[in-house]
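Listed below, chain by chain, are the residues.
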Amino acid sequence: MDLNITKLSLGNLLLVLLTLSCINRNNDSSETLAKIKTDTCKIDQEKADALGSDISCTSCHTLAEERVSPNVFTMKEVSDMDSLKLRDFLFIIKHKKNLSLYKDAPITKQRLKKIDSLSDCDRKNLIHYIKEYNRPHLYILRTAEDTIPEK
Amino acid sequence: MTLNQLFAKVALAQGKKLSGGITCNGLRIQLRHAPGKMPELLVTGDVTLTIKVFDLTTTGVPKLHSLIAATQSNIANKLRGETMEYDRYLSNYDTKANKFNKNTQALYNVRYRINYIVKLEKISRLSQLSGNDFVLAVVDRIGFKTDNLNTSGLTDGKGGPATVVYNDWCKYPNISTHEFFHTLGLGHIKGTSSKKSLMGEVAGTHNNAVSLNELFIMNKYLMANLVDMSNGQYASPTLNTAENLRKFLNNPTNGFKYNKAKFR
Ligand SMILES: [Zn+2]
């Protein structure tokens, strides 16, 4: 009897352990998958800057405080928008309202086409570039050796 | 008219000298429009850049005058050269009135042929610093630590303030040009191309090269208010320089050592 109970308990334990390890394995694989998904897109400052200068938002969204025309935001205002709104504005509305203005401007047309053709990761980098515009940047210039001895 | 333009006009009427980081007496604009091509604006004229060098050191600074002179000519040299901006959205340029009309807009290719006149002025009191000035504060030491390397300069990008350690400036004469160029919007160059680059993140005596792209970025920053600059007397808008410098110097993370008695 005792032996049977022990057998049963052991069997149950084995089942529980197996189930747990399966759950764990499932968790592991979904975590890994999520990691791969997030890891493939790196927010890279240099890449973001290159995209920003390629698309050249600041040609229309002026660096100045005053808007060029009432309906075109300054770069500061664009950077102030939250990322989701920015995403809609950049990739869904796609600046279509002002398209008539670009018909004789091949470079601007090309820049806008480029926005449309960006990969999901490039889009994230471009949004990063825009958000970075309003953030403070502290630049540290280093020298290889101490020129002043520690006091 | 912006508030700043109004101040510039009032200053002119009172016979006062225009002051600020960027000042000019009106830029010349020429419109060229070949059929089937984008209209091109050629921008020429003098633009004065004034950088106030605030000596906040405790020790004597025997080399300061020669360092200021060398840095002044280095900055002017690096800013020399023509740049071209494609498809800039601007107020319409009215050739009959010879000025921009803010009621309508168009895209232009803009060719900049600007003569930058660079002035480094040594100041010794806070009251000599205006809100729209560029500043380079010279300090004893910057305690900001990264990778066990010494920090020789610390600058808030796009507008400043910029700071430099006096002894390091003596050792590396180009570092104040480097710091000022952060004020004009340049970032750091990393990797192998940084060895000769002025904007390399580790300073050396051989770092002094500026690329055409970097010149373009600085010119774009300086010419942000092109329409106002072409419209007579111009002084750049406020950067809250004095207030920002005070906050910057007193931020304990930055670890500045300077002569507090001089900061008044
Ligand atoms: Zn730097």
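Keep in mind that what you see is a predicted model, and the values were worked out from it rather than measured.

### With respect to the overall build of chain B
- Scanning chain B for helices and strands turns up seven helices and 12 strands.
- Relative to the compact-globule value of 18 Å for 264 residues, chain B shows a C-alpha radius of gyration of 20 Å, a close match.
- Structurally, chain B occupies a C-alpha span of about 60 × 50 × 30 Å along its principal axes.
- A burial count over chain B gives 53% of its 264 residues as buried.
- Within chain B, contacts between residues at least 6 apart in sequence are counted, and of these 71% link residues at least 24 apart.
- Accessible area for chain B stands at about 11,800 Å²; split by element, carbon and sulfur atoms hold 52% of it.
- Where the 33 positive side-chain charges of chain B centre and where its 18 negative ones centre are 4 Å apart.

### Brief notes about the pattern of salt bridges
- Here the structure, examined in full by the defined rule, presents 18 salt bridges over all chains.
- A salt bridge links K124 of chain A to D120 of chain A; its shortest N-O distance comes to 3.8 Å. In this pair, K124 of chain A and D120 of chain A are both assigned in helix 7 (residues 120–133), four residues apart and thus about one turn of the helix distant.
- With a relative accessible area of 40%, K124 of chain A lands in the partly exposed category.
- E82 of chain B serves as the salt-bridge partner of R113 of chain B, at 2.5 Å between the closest nitrogen and oxygen. Residue R113 of chain B is found in strand 5 (residues 99–123), and its partner E82 of chain B is found in the loop between helix 2 (64–78) and strand 4 (83–94); the two are separated by 31 residues along the sequence.
- The exposure class of E82 of chain B is partly exposed, given its relative accessible area of 32%.
- A single salt-bridge network, built from bridges that share partners, covers R32, E40, E82, R111 and R113 of chain B.

### Re the interface of chain A and chain B
- With 33 residues of chain A at the contact, the number on the chain B side is 52 residues.
- For the pair chain A and chain B, the two sides together bury roughly 3,600 Å², of which 55% comes from carbon and sulfur.
- Among the residues of chain A in contact with chain B, Y139, L141 and R142 of chain A are the three that bury the most area, contributing 25% of the side total.
- Taken together, the connections running from chain A to chain B amount to two salt bridges.
- Across the pair K102 of chain B and E66 of chain A runs a salt bridge, and its minimum N-O distance is 3.5 Å.

### Quick notes on unusual backbone geometry
All names here are of chain B.
- The peptide bond linking G160 to P161 adopts the cis configuration, its omega dihedral lying at 5 degrees.
- Along the polypeptide, P161 turns up in the loop between strand 8 (149–156) and strand 9 (162–165).
- A positive phi angle, close to 60 degrees, is found at N98, a residue other than glycine.
- Of note, the phi angle at N240 is positive, near 55 degrees, even though the residue is not glycine.
- Relative to the helices and strands, N240 is located in the loop between strand 11 (233–235) and helix 7 (241–250).

### As for the packing of aromatic side chains
All names here are of chain B.
- Evaluation of the coordinates by the stated rule reveals six aromatic pairs over all chains.
- Judged by centre distance (5.3 Å) and plane angle (75 degrees), the ring pair of F134 and F180 falls under edge-to-face. Placement of F134 in strand 6 (residues 134–139) and of F180 in helix 4 (residues 175–183) is noted, with a sequence separation of 46 residues between them. Across the pair, F180 and F134 agree in class, each one buried.
- Between the aromatic rings of F248 and F256, the centroid separation amounts to 5.6 Å while the plane-to-plane angle is 55 degrees, which identifies the pairing as tilted.

### Quick word on the confidence of the model for chain A
All names here are of chain A.
- For chain A, the mean per-residue pLDDT works out to 76, and 66% of the residues sit at or above 70.
- Within chain A, no element has a lower average pLDDT than helix 1 (residues 2–39), which sits at 48, and none a higher one than helix 3 (residues 75–80), at 97.
- For the stretch residues 1–8, pLDDT sits under 50, and the model shows zero contacts to residues farther than four places along the chain or on other chains.
- Confidence drops under pLDDT 50 across residues 13–28; counting only partners more than four residues distant or on other chains, this segment forms zero contacts.

### A short note on the state of the cysteines
Residue and element names in this part refer to chain A.
- Scanning all chains against the criterion turns up one disulfide over all chains.
- Paired through a disulfide, C41 and C121 show a sulfur-sulfur distance of 2.3 Å. Judged by the sign of its S-S torsion, about 90 degrees, the bond between C41 and C121 is right-handed. One end of the pair, C41, is in the loop between helix 1 and helix 2 (45–55); the other, C121, is in helix 7, with 80 residues separating them in the sequence.

### Re the pairing of strand 1 (residues 138–143) of chain A
- The buried fraction of strand 1 of chain A amounts to five of the six residues, a majority that puts the element mostly inside the structure.
- Pairing between strand 1 of chain A and strand 8 of chain B: six bridges, direction antiparallel. Its bridge partner lying in strand 8 of chain B, I140 of chain A is registered against L154 of chain B.
- Alignment of strand 1 of chain A against strand 10 (residues 202–203) of chain B, held across two bridges, turns out to be parallel. When the bridges of strand 10 of chain B are listed, R142 of chain A appears paired with V202 of chain B.

Cut-offs applied
- Residues numbered from 1 in each chain as written.
- Chains lettered and ligands numbered in written order.
- Predicted model: local features only at pLDDT ≥ 70, side-chain atom pairs only at ≥ 80, totals over all residues.
- Heavy atoms only, no water.
- Helix = DSSP H or I, 4+ residues; strand = E, 2+ residues; numbered from the N terminus.
- Rg over C-alpha atoms; globule rule 2.2 N^0.38 Å.
- Buried < 20%, exposed > 50% of the residue type's maximum accessible area, 1.4 Å probe, protein only.
- Contact = heavy atoms within 4.5 Å.
- Areas by Shrake-Rupley, 256 points an atom, 1.4 Å probe, with all protein chains shown as cover.
- Lys, Arg positive; Asp, Glu negative; His and termini not counted.
- Charge placed at Lys NZ, Arg CZ, Asp CG, Glu CD.
- Salt bridge = Lys/Arg side-chain N within 4 Å of Asp/Glu carboxyl O.
- Buried area = accessible area lost by both parts, 1.4 Å probe.
- Phe/Tyr/Trp six-rings, centres within 6.5 Å; stacked < 30°, edge-to-face > 60°.
- pLDDT = per-residue confidence, 0-100.
- Disulfide = S-S within 2.5 Å.
- Pairing = 2+ DSSP bridges.

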